[in-house]
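# Summary of structural features
Read off the chains here:
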Amino acid sequence: MYAVISDIHGNLEALEAVLDDVPEDVETIFCLGDVIGYGANPDECCDIVRSLGMPTISGNHDLAVTDLDTDLNWFNPTAAAAVLWTRKHLGEENAEFLRTRPRMMRTGEALFVHGSVRDPDEYIINKISAQDNLAMLKNEYPDVPICYFGHTHVKAVAPSPNGAMSGGHTLDLHSGGPYLVNPGSVGQPRDGDTFASYVIADGKSVLYRFVEYDIRKAQAKIRAAGLPDMLADRLAIGR
Ligand code: ZN
């Protein structure tokens, strides 16, 4: 059994709560990138990801912080402020680690990307982008039944889970496919849910796990760090 987490974004309280929740029979935790950016504990979160040996890909925030040539005009002002703050609060070794991760990973049974199959910076946010990427997945990775993606911070399964989702939050991989699955965000959900989310999978099914954490503590640290207030506020509304 394995777990997939994404978009930690320097939220140590959320990451620790998720790790506490991961069942013991999970052998590997895959990380879809954006370990840092927005939250007040980028260095601590990266330490944990590295020390647990999580196979990890680089997200756009990981690269924006660690690659000083990144054009920050692509980021909104709040995100850009967070990038600049995070650059000052991330150790050399962690920066090197995040800068040198692959942008895509593959195991025998799954593909792992930050944004999408065709572009690590693409947001899969609608039916069309999901369909295009499912077509590409079928063509280029015909043996891969599932591709995990992050970047949007929104829990999602495509094709839409009509019939495929059972038992509340379980995706049955026997019923068709391939599938695109977004586990949601650990550290900054944007789908109206305030809890951290991730998935566990065993090749037959994918199960969503929802984890409450100490939001107030994470918010207080963001404010105390001098990061934009909005980054603290949004954790309480999941937007
Ligand atoms: Zn992100």
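For the structure given in this document, a descriptive report is provided here. Note that this is a predicted model, so its numbers are computed, not measured.

The rules behind each value
- Residues numbered from 1 in each chain as written.
- Predicted model: local features only at pLDDT ≥ 70, side-chain atom pairs only at ≥ 80, totals over all residues.
- Heavy atoms only, no water.
- Disulfide = S-S within 2.5 Å.
- Buried < 20%, exposed > 50% of the residue type's maximum accessible area, 1.4 Å probe, protein only.
- Helix = DSSP H or I, 4+ residues; strand = E, 2+ residues; numbered from the N terminus.
- Arc of directions from axis to C-beta.
- Contact = heavy atoms within 4.5 Å.
- Donors = N, O, S within 2.8 Å, 3.2 Å for Na, K, Ca; no water.
- Tetrahedral: all angles 85-135°; square planar, octahedral: opposite > 155°, others 65-115°.
- Core = buried A, V, L, I, M, F, W, Y, C linked by side-chain atoms within 4.5 Å.

## Comments concerning the state of the cysteines
Per the counting criterion, the structure on display carries 0 disulfides. Counting only cysteine sulfurs, Cys46 is the nearest neighbor of Cys31, a cysteine outside any disulfide, at a range of 9.1 Å. For Cys31, a relative accessible area of 0% puts it in the buried group.

## As for helix α5 (residues 92–99)
The periodicity of an α-helix, 3.6 residues per turn, causes residues three or four places apart in sequence to face the same way. Within the span of α5, buried status applies to Asn94, Ala95, Phe97 and Leu98. Seen from one end, α5 has its buried residues packed into an arc of 160°, which puts them on one side. Opposite its buried face, α5 presents the exposed residues Glu92 and Glu93, each directed more than 90 degrees away. Close packing links the buried residues of α5 with α2 (42–51) and α3 (60–66).

## Some thoughts on the coordination of the zinc ion
Only Asp7 (OD), His9 (NE2), Asp34 (OD) and His153 (NE2) from the protein reach the zinc ion as donors, at distances of 2.0 to 2.4 Å. Geometry at the zinc ion is irregular, judged from its 4 donor atoms and the angles of 88 to 176° they form at the metal. Counting residues between consecutive donors of the zinc ion along the chain gives the motif D-x1-H-x24-D-x118-H. Here His9 is found in the loop between β1 (2–5) and α1 (12–21), whereas its partner His153 is found in the loop between β5 (146–148) and β6 (156–158), with 144 residues between them in sequence.

## Focus: the nonpolar core
Judged by nonpolar contacts, the single largest core of 47 residues is most densely connected at Ile5, Ile8, Val18, Val35, Val186, Tyr198 and Tyr213. Once residues lying within four places of it in the same chain are set aside, the contact partners of Tyr198 are Ala3, Val4, Ile5, Val18, Asp21, Val22, Pro23, Pro183, Leu207, Tyr208, Arg209 and Val211. Membership of the second largest hydrophobic core comes to 19 residues, among which are Met105, Ala110, Val157 and Leu173.

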